[in-house]
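Listed below, chain by chain, are the residues.
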Amino acid sequence: MNPAWKTHSAFLYKRLRHRRPAVLAWLVIWLSLGTLGVAQEKTASQTKPGEAIAKLSAEADLVKKVVSNPWVIEWLSKAIELPTVETQTVSFNGKELIVDEEMFYYGRYGSPLAYARALDLAVSAGFRGENAARIFDFGYGGIGQLRMLALAGHDCVGVDVSPLLKTIYANANGPLKNGSVQLLDGRFPKEPALVSKVGAEYDLVVSKNVLKLGYIHPTRDVPDPKMVIDLGVDDAAFLASIAKMLKPKGLFVIYNFCPAKSPLDKPYIPWAEGESPFSKQAFQMAGFDVLHLDVKDDIEARRLAKALKWDANGGMNLESDLFAWYTIVRKRPEMEIVQP
């Protein structure tokens, strides 16, 4: 995500402040999901090692009740096994910032357990989570879900463009139990050197809250170009890169939480358009079978959100303020791939 988006908070607030409170709540969520702005300044209320992990584990027990696949329940059980994190001071943009365990695992993105629904859908579509696998997270945003996957025996690679993430997780790569985590910085797949580091032979590629129609191909005029995501390549090249890195029959899962779309007479909210930015034809031309395209997932998203207490803690009216879409495609065997 583009770190420069944080400069637009005041602009967006002025444009949206007369709308209902839920929109302002989503403004805060968007600013966090889209920028990971800044870590906390030095305070006296930092969490101690083990406290954030205990919080995650308690959340996991609630989320287990709203997922359907045993392997996802196993993944949730790994929260309590996460390594503790000592509070550290990092230098970022000329400031000294405190990164405690809560910031390390939750960041400005909230609970990494929000990945539960995307993983549940991946298993239902054929991902065999009980077997060791290679997993790629495009726009990972935080390390929690990846470390839990590593504890479940998977080798995980995450890519993001946030310079703060690079700073926070500078020493976080490496093996973890039977799996591993590698975090990479840069614009994938625009940068050839990064593509080389990412490698191939992945069983699953997942992207949450990044590949949205409104971010990639907004359907209305956007107040500022920094409110959209420039992938650096066209759709065909992006999807070809994803297909190349997947094993035959590997899955690509796009999952997006969104607020309500704005009426035509109100300011456009790019992050509210959570449908796939890529067409069925584009997926097919890149060598994918389209299993699910732009499926509305509001009910299940709200069940997960309730388990994570987004309504109680965030003041969100789940019925009117939370929506979700997902798209799942599967790479065809090489001999079946249709060339453009």
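Structure: see above.
Calculation notes
Residues numbered from 1 in each chain as written. Predicted model: local features only at pLDDT ≥ 70, side-chain atom pairs only at ≥ 80, totals over all residues. Heavy atoms only, no water. Helix = DSSP H or I, 4+ residues; strand = E, 2+ residues; numbered from the N terminus. Buried < 20%, exposed > 50% of the residue type's maximum accessible area, 1.4 Å probe, protein only. Contact = heavy atoms within 4.5 Å. Areas by Shrake-Rupley, 256 points an atom, 1.4 Å probe, with all protein chains shown as cover. Pairing = 2+ DSSP bridges. Axes fitted to C-alpha atoms, helices over the stretch in contact; angles between N-to-C directions. Left-handed = near helix turned anticlockwise from the far one by under 90°. Nonpolar A, V, L, I, M, F, W, Y, C, P; charged D, E, K, R; others polar. Salt bridge = Lys/Arg side-chain N within 4 Å of Asp/Glu carboxyl O.

## Observations regarding the overall build of the protein
When helices and strands are counted, the protein shows 15 helices and 10 strands. Relative to its 340 residues, the protein shows a buried fraction of 54%. Put simply, of all contacts in the protein between residues at least 6 apart along the chain, 77% involve residues at least 24 apart. Approximately 14500 Å² of the protein is accessible, and the part contributed by carbon and sulfur atoms is 53%.

## A short note on helix α6 (residues 116-124)
Where burial is concerned, most of α6 is hidden: eight out of the nine residues are buried. Taken together, the buried positions of α6 are Ala116, Arg117, Ala118, Leu119, Asp120, Leu121, Ala122 and Val123. Count one or two residues on from α6 and you reach Gly126, which has phi positive near 125 degrees.

## What to know about unusual backbone geometry
With omega at 5 degrees, the peptide bond leading from Phe188 into Pro189 counts as cis. Tracing the backbone shows Pro189 in the loop between β6 (179-185) and α9 (192-198). Unlike most non-glycine residues, Asn93 shows phi in positive territory, near 55 degrees. Mapping Asn93 onto the fold places it in the loop between β1 (88-92) and β2 (95-99). Residues other than glycine seldom take positive phi values, yet Lys309 does so here, at roughly 65 degrees. By the secondary structure assignment, Lys309 is in the loop between α13 (298-307) and α14 (310-314). For Lys309, a relative accessible area of 41% corresponds to the partly exposed category.

## Quick word on the pairing of strand β8 (residues 246-258)
Across the 13 residues that make up β8, a large majority, 10, are buried. Here strand β7 (residues 202-208) runs beside β8; their pairing, made up of six bridges, is parallel. Across the sheet, residue Ser207 finds its bridge partner in β8, namely Ile254. Sheet analysis places β8 next to strand β10 (residues 323-331), joined by eight bridges and oriented antiparallel.

## Quick notes on the sheet that holds strand β4 (residues 155-160)
Backbone-to-backbone hydrogen bonds pair the strands of a sheet. The strands run either parallel or antiparallel. Strand order in the open sheet made by the eight strands is β5-β6-β4-β3-β7-β8-β10-β9, with mixed pairing throughout. Edge positions in the sheet fall to β5 (174-176) and β9 (288-296), since each of these pairs with one other strand and no more. Between one strand axis and the next, the sheet turns through 15 degrees on average, direction left out of account. Bridging between β5 and β6 involves three bridges; their strand directions are antiparallel. Across the sheet, Leu176 pairs through a bridge with Gly179, a residue of β6. Strands in contact with α6 are β7, β8 and β10; relative to β8, the strand with the most contacts, it is inclined by about 145 degrees. Its contacts with the sheet put α13 on β8, β9 and β10, and the angle it makes with β10 is roughly 110 degrees.

## So, the packing of helix α4 (residues 70-77) against α6
The geometry of α4 relative to α6 is characterised by a closest axis approach of 9 Å and an angle of 145 degrees between their N-to-C directions. You can see that α4 and α6 cross each other, and the crossing is right-handed. Between α4, through Trp71, Val72, Trp75 and Leu76, and α6, the contact on the second element is made entirely by Ala116, Leu119, Asp120 and Val123. Here the residues of the contact of α4 with α6 sort into seven nonpolar, no polar and one charged.

## Some remarks on the pattern of salt bridges
Using the criterion set out here, one finds 15 salt bridges in the structure. Across the salt bridge formed by Lys55 and Glu102, the nearest N and O atoms sit 2.9 Å from each other. In this pair, Lys55 sits in helix α3 (residues 51-63) while Glu102 sits in helix α5 (residues 101-106), placing the two residues 47 residues apart along the sequence. According to the relative accessible area criterion, Lys55 is partly exposed, its value standing at 37%. Glu102 gets classed as partly exposed once you look at its relative accessible area, which sits at 23%. Residues Glu81 and Lys78 are paired through a salt bridge, measuring 3.6 Å at the closest nitrogen-oxygen approach. Taking the relative accessible area as the measure of exposure, Glu81 reaches 32% and is therefore partly exposed. What you see here is one network of salt bridges that share partners, running through Lys78, Glu81 and Lys177.

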